[in-house]
Amino acid sequence: MGLTYQSTGTSTTREVFNVDTSDKQPVIALAGNPNTGKSTLFNRLTGLRQHTGNWPGKTVLQSQGSYIHEGRKYTMVDLPGTYSLLANSVEEQVARDFICFAKPDATVVVADATCLERNLNLALQVMEITKEVVLCVNLIDEARRKKLNIDIKKLNQRLGIPVVGTAASSGEGISDLLKLVSKVVTGTLKPEPKAVQYNPQVEDVVAKLEPIVKRVVGNELNSRWVSLRLLEGDDTIIHALEKFNGKEQVQILQEALA
Ligand SMILES: Nc1nc2c(ncn2[C@@H]2O[C@H](COP(=O)(O)OP(=O)(O)O)[C@@H](O)[C@H]2O)c(=O)[nH]1
Ligand SMILES: [Mg+2]
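Keep in mind the model is a prediction, meaning the values are calculated, not measured.

Reading the values: the criteria
Residues numbered from 1 in each chain as written. Chains lettered and ligands numbered in written order. Predicted model: local features only at pLDDT ≥ 70, side-chain atom pairs only at ≥ 80, totals over all residues. Heavy atoms only, no water. Pairing = 2+ DSSP bridges. Helix = DSSP H or I, 4+ residues; strand = E, 2+ residues; numbered from the N terminus. Axes fitted to C-alpha atoms, helices over the stretch in contact; angles between N-to-C directions. Contact = heavy atoms within 4.5 Å. Buried < 20%, exposed > 50% of the residue type's maximum accessible area, 1.4 Å probe, protein only. Right-handed = clockwise from strand over helix to strand, strands pointing away. Parallel < 35°, antiparallel > 145°, perpendicular 65-115°, else oblique. Left-handed = near helix turned anticlockwise from the far one by under 90°. Nonpolar A, V, L, I, M, F, W, Y, C, P; charged D, E, K, R; others polar. Phe/Tyr/Trp six-rings, centres within 6.5 Å; stacked < 30°, edge-to-face > 60°.

A word on the sheet that holds strand β1 (residues 27-32)
Step number 1: Taken in spatial order, the seven strands line up as β2-β3-β4-β1-β5-β6-β7 in an open sheet, and their pairing is mixed. Of all strands in the sheet, those bounded by a partner on one side alone are β2 (50-54) and β7 (163-165). Within the sheet, the average angular offset between the axes of one strand and its neighbour, ignoring direction, is 25°.
Step number 2: In the sheet, strand β3 (residues 61-69) pairs with strand β4 (residues 72-78) via seven bridges, with the strands oriented antiparallel. Residue pairing across strands places I68 opposite K73, the latter belonging to β4.
Step number 3: Sitting on the sheet, helix α6 (residues 152-159) touches β6 (133-138) and β7, and the angle it makes with β7 is about 160°.

Now the structure itself:
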């Protein structure tokens, strides 16, 4: 294959999460609310090439597997189903840490087409962390049955990321999904997620905080997103930074924030 592919994550961080990168294959994460069809999609793609275990150090189930698309092998990781990534539960923390630190080459957010609004909350959060996002509007057959018309093109324009309608149980739209994922991985398609704008008070503080955060996290993590978490008083992100980026850096950050 002539397409080039530059991995975004380092193999060492991926190893921490027990992710198979033995063939230097791209890593694709599946994120989504519970019951959106993530496992159905995962099983359809990875079939028997999958195994389950626990997330390192956690009692949360980890499923990963591989699939081949146009001659290229991909590792796919089914993240725990969550409504947010704010680290309120161990599942949310696992999903967040994986996206932040293992840096999947693409994250597919699987959403339920019959209740999109609720599902988009998670999509927007993923988009705050990473640009490499594809929105998979699943259960499109159910939506059709309920006479709900999903405007895929408009969603794509409003969110700034590729969007595809699918029915994971029948296979509808899956080949389009895989094509989009492959384009994101190779950089032939560059999503430009639209940033959520908060109220002026929040934006003011973020504008002051972000340059300091940026000095510490560099391009390792999205500094706007880290600033928002710090503003919220989320200390799990501090612990995660310590674990993955080292204590010294976090000390610099804490001194700057004091
Ligand atoms: N009609 C329809 N049912 C689906 C589709 N995708 C998944 N399902 C069903 O939705 C339920 C939840 O799916 P599952 O994959 O377990 O969701 P998860 O919790 O996100 O992993 C199961 O009964 C699936 O068979 C779809 O595209 N269309
Ligand atoms: Mg599942």
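There is more to say, and it comes next.
Observations concerning the pairing of strand β5 (residues 106-112)
Step number 1: Where burial is concerned, most of β5 is hidden: seven out of the seven residues are buried.
Step number 2: Neither face of β5 is left uncovered, since the one carrying A106, V108, V110 and D112 and the one carrying T107, V109 and A111 both have all their residues buried.
Step number 3: Examined bridge by bridge, β1 and β5 share five bridges and lie parallel to one another. Counted as the bridge partner of L30 is V108 from β5.
Step number 4: Bridge count between β5 and β6: six bridges; the pairing is parallel. Along β6, the bridge assignment pairs V110 with C136.
Step number 5: Handedness of the β-α-β unit built from β5, helix α4 (residues 116-129) and β6 comes out right-handed.

Examining unusual backbone geometry
Step number 1: Phi angles above zero are rare outside glycine, and N18 is one such case at about 60°.
Step number 2: Relative to the helices and strands, N18 resides in the loop between α1 (11-16) and β1.
Step number 3: If you check the backbone angles, K147 has positive phi at about 60° while not being a glycine.
Step number 4: Inspection of the secondary structure assignment puts K147 in the loop between α5 (140-145) and α6.
Step number 5: Owing to a relative accessible area of 75%, K147 belongs among the exposed residues under this scheme.

A look at the packing of helix α8 (residues 200-217) against helix α11 (residues 247-257)
Step number 1: Where α8 meets α11, the closest approach of the two axes is 9 Å, and the angle between their N-to-C directions is 160°. Classified by the angle their axes make, α8 and α11 are roughly antiparallel. The element α8 and its partner α11 pack so that their crossing is right-handed. Residues L209, I212, V213 and V216 of α8 form the contact with α11, whose participating residues are Q249, I252, L253, A256 and L257.
Step number 2: When the residues that make up the contact of α8 with α11 are grouped by side-chain class, the tally is eight nonpolar, one polar and no charged.

Brief notes about the packing of aromatic side chains
Step number 1: Tallied over the full model, the rule gives four aromatic pairs.
Step number 2: With a centroid separation of 5.5 Å and 75° between ring planes, the pair formed by W55 and F98 is classed as edge-to-face. In this pair, W55 is assigned in the loop between β2 and β3 and F98 in helix α3 (residues 90-102), connecting sequence segments 43 residues apart. Each member of the pair, W55 as well as F98, is classed as buried.
Step number 3: Between the aromatic rings of Y67 and Y74, the centroid separation amounts to 4.8 Å while the plane-to-plane angle is 5°, which identifies the pairing as stacked. Of the two residues examined, Y67 and Y74, each falls in the buried class.
Step number 4: Every member of this aromatic cluster is reached through a ring pair, and the members are F17, W55 and F98.

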